[in-house]
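Per-entry structural report
Take a look at the letters that make up each chain.
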Amino acid sequence: MALCVSDSGRELWCRDGQAAAHLKLISIFIIFFTSIIGISLPVFLARLFQGKPAYDKAVLLIKCFAAGVILSTSLVHVLPDAFNALADCQVSSHHPWKDFPFAGLVTLIGVLMALLVDLTASSHVDASAHASDYKPIVGEMKCCGGKNIERDGDLESDHQERRAREEEMVVKIKQRLVSQVLEIGIIFHSVIIGVTMGMSQNKCTIRPLVAALAFHQIFEGMGLGGCIAQAGFSYRTTAYMCLMFSVTTPMGILLGMLVFFATGYDDHSTNALILEGLLGSLSSGILIYMALVDLISLDFFHNKLMTSQLFLKKVSFLALVLGSTFMSVLALWA
């Protein structure tokens, strides 16, 4: 059974509701604007390079950087926090939480859920594409002169062009699905961070957390923004997805503050820790799957542009490492 040990003197000094509320109100604006900057930057750069020779390479590098950010977010930030929440003495000293590693189990469930969504959506997209296939009409008589042969050639060419357009459409739909599922996983994570911070009355932990979360939102926004940019959404959908990411954490902070003022709910209570641990584990599983399967594996092993250029593959790997490094360093503060 774990023992709960704390520095009661420092804890009482740090627990200042008025100072904490002031810091949280400031953090709402800081986090909102840094989120807007982070997610809008790759979208803006992609629009800027669109139609230029370097467009595909630029989007690919942004996406690789994004994959590193998201993978680091899930493994260095979200998953350890989930394990710590469920390993807290208030939780781990009771059944069934001390009998089984629920954080790992729920992470596995998150991975399987992401796989199920991916498989279902991919099957639906493939079925729709195959349903629209058609076979060209081939002339049965070769003695009718050159017109019939020319018509057969035109039909075959039209069929190939249509197949190419359908394949491009399928790729775009899958990219959009990846972006949407990825945003869901990130929103889970952002809500947890926001609500936890909003309910906290500890000014000592909130102050450094504001600066760390600002950088956190910039890098995470760049990760999601890179995927949104490649998916080629309409301006309206792109703006909506960017706005949803930007307001989620601030809204979580407001929600946490309202919950505390209405109920006096303790963010370190057993139920709060259990909820934080389970939701964190679930979002971690989703992010791990999306980063490894739909981002890293898809680009490094199935992207024709990367497989045909060794130098681009090396630069892409460097972008992946940089994204992982920058996000991992932030774990020193948040």
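The protein chain is annotated in an unreviewed UniProt entry as Zinc transporter 6, chloroplastic from Heracleum sosnowskyi. For the record of the protein chain, the UniProt heading Subcellular location (unreviewed entry) holds the text "Membrane". What the UniProt record of the protein chain gives under Sequence similarities (unreviewed entry) is the line "Belongs to the ZIP transporter (TC 2.A.5) family."

**Section: the UniProt feature "transmembrane region" (unreviewed entry) in the protein chain**
The feature "transmembrane region" (unreviewed entry), as annotated in UniProt, sits at residues 25–46, 58–80, 100–121, 181–200, 206–228, 240–262, 282–303 and 315–333 in this numbering. As annotated, residues 206–228 has a helix share of 100% and a strand share of 0%, and its two end C-alpha atoms lie 31 Å apart. Counting secondary structure, residues 315–333 comes out at 79% helix and 0% strand; the distance between its end C-alpha atoms is 29 Å.

**A short note on the side chain of Asp299**
As for its placement among the helices and strands, Asp299 is situated in helix 9 (residues 270–302). For Asp299, a relative accessible area of 3% translates into the label buried. The contacts of Asp299, once residues within four sequence positions are left out, are Leu60, Lys63 and Met306.

**A look at the packing of aromatic side chains**
Within this structure, the stated rule accounts for four aromatic pairs. Ring centres of Phe100 and Phe102 lie 5.4 Å apart, and the angle between their planes is 65°; this geometry places the pair in the edge-to-face category. Assessed through its relative accessible area of 42%, Phe100 is described here as partly exposed. Judged by its relative accessible area of 21%, Phe102 falls in the partly exposed class.

**Brief notes about a nonpolar patch on the surface**
Nonpolar side chains collect at one region of the surface, where Phe100, Leu105, Leu108, Ile109, Leu112, Met113, Leu115 and Leu119 lie side by side and expose about 690 Å² of accessible area between them. Locating Leu119 in the fold gives a position in helix 5 (residues 102–131).

**Side note on the confidence of the model for the protein chain**
Confidence along the protein chain averages 78 in pLDDT terms, with 80% of residues attaining 70 or more. Within the protein chain, no element has a lower average pLDDT than helix 1 (residues 8–14), which sits at 59, and none a higher one than helix 11 (residues 310–329), at 90.

**Observations regarding the nonpolar core**
Core analysis: the largest hydrophobic core is formed by 39 residues, its most contacted members being Leu182, Leu224, Ile228, Met290 and Leu295. Breaking this core down by element, the ones donating at least two residues are helix 2 (17–49), helix 3 (55–87), helix 6 (146–199), helix 7 (203–231), helix 8 (235–263), helix 9 and helix 11. One finds Ala20, Ala21, Ile193 and Ile253 within the second-largest nonpolar core, a separate group that totals twelve residues.

**What to know about the packing of helix 2 against helix 7**
In the contact formed by helix 2 and helix 7, the axes pass within 7 Å of each other and the chain directions differ by 20°. With respect to their mutual orientation, helix 2 and helix 7 come out roughly parallel. In the packing of helix 2 onto helix 7, the handedness of the crossing is right-handed. Among the residues forming the contact of helix 2 with helix 7, the class breakdown is 19 nonpolar, eight polar and three charged.

**Remarks on unusual backbone geometry**
Cis geometry is found at the peptide bond from His95 to Pro96, where omega equals -5°. Among the secondary structure elements, Pro96 is positioned in the loop between helix 4 (89–92) and helix 5.

**A short note on the environment of Phe219**
Within the fold, Phe219 resides in helix 7. When its relative accessible area of 16% is taken as the criterion, Phe219 is described as buried. Placed 150 residues apart in sequence, Phe219 and Val69 show a C-alpha to C-alpha distance of 6.5 Å. Filtering out sequence-adjacent residues up to four positions away, Phe219 remains in contact with Phe65, Val69, Phe326, Met327 and Leu330.

What counts as what
Residues numbered from 1 in each chain as written. Predicted model: local features only at pLDDT ≥ 70, side-chain atom pairs only at ≥ 80, totals over all residues. Heavy atoms only, no water. UniProt positions renumbered as here; feature names shortened; annotations may be inferred. Helix = DSSP H or I, 4+ residues; strand = E, 2+ residues; numbered from the N terminus. Buried < 20%, exposed > 50% of the residue type's maximum accessible area, 1.4 Å probe, protein only. Contact = heavy atoms within 4.5 Å. Phe/Tyr/Trp six-rings, centres within 6.5 Å; stacked < 30°, edge-to-face > 60°. Patch = residues over 30% accessible without salt bridge, like charges linked within 9 Å, V, L, I, M, F, W, Y side chains within 5 Å. Areas by Shrake-Rupley, 256 points an atom, 1.4 Å probe, with all protein chains shown as cover. Salt bridge = Lys/Arg side-chain N within 4 Å of Asp/Glu carboxyl O. pLDDT = per-residue confidence, 0-100. Core = buried A, V, L, I, M, F, W, Y, C linked by side-chain atoms within 4.5 Å. Axes fitted to C-alpha atoms, helices over the stretch in contact; angles between N-to-C directions. Parallel < 35°, antiparallel > 145°, perpendicular 65-115°, else oblique. Left-handed = near helix turned anticlockwise from the far one by under 90°. Nonpolar A, V, L, I, M, F, W, Y, C, P; charged D, E, K, R; others polar.

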